[in-house]
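Residues per chain are reported as follows:
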Amino acid sequence: MSAPPYSSILVAVDIDDPTNTERELARALFLASDLGRIRLINVRPARSFRYDVYLPDSFDTEELARHDAELYAWAQKSGLPPERISTVVRTGSVAGEVLAEAMEWKADLIIVGSHHPTTLTRLLGSNAERIVREATVSVLVARD
């Protein structure tokens, strides 16, 4: 049985976890239809404004540029032409921003990584768990 083709796959990328990102991108490339599109999303966590006094004025701009560059490198590594792969960096809660992007971009599959659960994530939930619970499209959870 072959894998079903998907036309719009959203891949959540943790730029600090290249091993999982590589696996997630490989899965997306395998599952995408011949004309399918892939969108890589990275979510920067929101921070309290009370820390702004301790950060240089250029912090947000530099941080956004770093995240953009990391996603661009992953997009290049995919080998897909630019019209089939795109990137976006959002700021906020990981699950909330991934779900919002999936809806706005009209994804038909979300691929998200998940680490082995800990006692804390079993009690409080995880980003992957919230995405699975609230997504309106299929979700593939890639385990490490």
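Please refer to the structure higher up on the page.
What you see is a predicted model; the values in this text were computed from it and never measured. (Residues numbered from 1 in each chain as written. Predicted model: local features only at pLDDT ≥ 70, side-chain atom pairs only at ≥ 80, totals over all residues. Heavy atoms only, no water.)

Considering the sheet that holds strand β2 (residues 32-44)
Convention followed: We call two strands paired when DSSP finds no fewer than two bridges between them. Strands here mean DSSP runs of E at least two residues long; helices mean DSSP runs of H or I at least four residues long; both are numbered from the N terminus. Whenever a helix is involved, its axis is fitted only over the stretch in contact; in every case the axis is a line through C-alpha atoms, and angles between N-to-C directions fall within 0 to 180 degrees.
Spatially, β3-β2-β1-β4-β5 is the arrangement adopted by the five strands of the open sheet, whose pairing is parallel. The two strands at the open ends of the sheet, each matched to only one other strand, are β3 (85-91) and β5 (138-143). Pairwise comparison of adjacent strand axes, ignoring direction, gives a mean angle of 25 degrees for this sheet. Here β2 runs beside β3; their pairing, made up of seven bridges, is parallel. When the sheet's bridge partners are listed, Ile-41 is paired in β3 with Val-88.

Regarding the pairing of strand β1 (residues 6-12)
The criterion, for reference: Think of it in three bands: with a 1.4 Å probe and only protein chains considered, a residue is buried below 20% of the maximum accessible area for its type, exposed above 50%, and partly exposed in between. If you view a crossover with the strands going away from you and the path from the first strand over the helix to the second runs clockwise, you call it right-handed.
The buried fraction of β1 amounts to six of the seven residues, a majority that puts the element mostly inside the structure. As defined by bridge partners, β1 adjoins β2 across six bridges and the pair is classed as parallel. Residue pairing across strands places Ala-12 opposite Ile-41, the latter belonging to β2. Traced from β1 through helix α1 (residues 18-31) to β2, the parallel crossover comes out right-handed. One ladder, built from three bridges, connects β1 with strand β4 (residues 109-114); its direction is parallel. Considered in β4, the bridge of Val-11 is made with Ile-111.

Notes on the pattern of salt bridges
Selection criterion: Any Lys or Arg side-chain nitrogen located within 4 Å of an Asp or Glu carboxyl oxygen qualifies as a salt bridge.
Counted under the stated rule, the structure contains 10 salt bridges. The residue Glu-22 makes a salt bridge to Lys-77 at a minimum N-O spacing of 3.5 Å. With a gap of 55 residues between them, Glu-22 in helix α1 and Lys-77 in helix α2 (residues 59-78) connect regions that are remote in the sequence. Arg-39 is the partner of Glu-101 in a salt bridge, and the nearest nitrogen-oxygen pair spans 2.7 Å. Here Arg-39 lies in strand β2 and Glu-101 lies in helix α3 (residues 94-105), a separation of 62 residues in the sequence. When sorted by exposure, Glu-101 lands in the same class as Arg-39, which is buried. When salt bridges that share partners are traced, they join Arg-39, Arg-90, Glu-97, Glu-101 and Glu-104 into one network.

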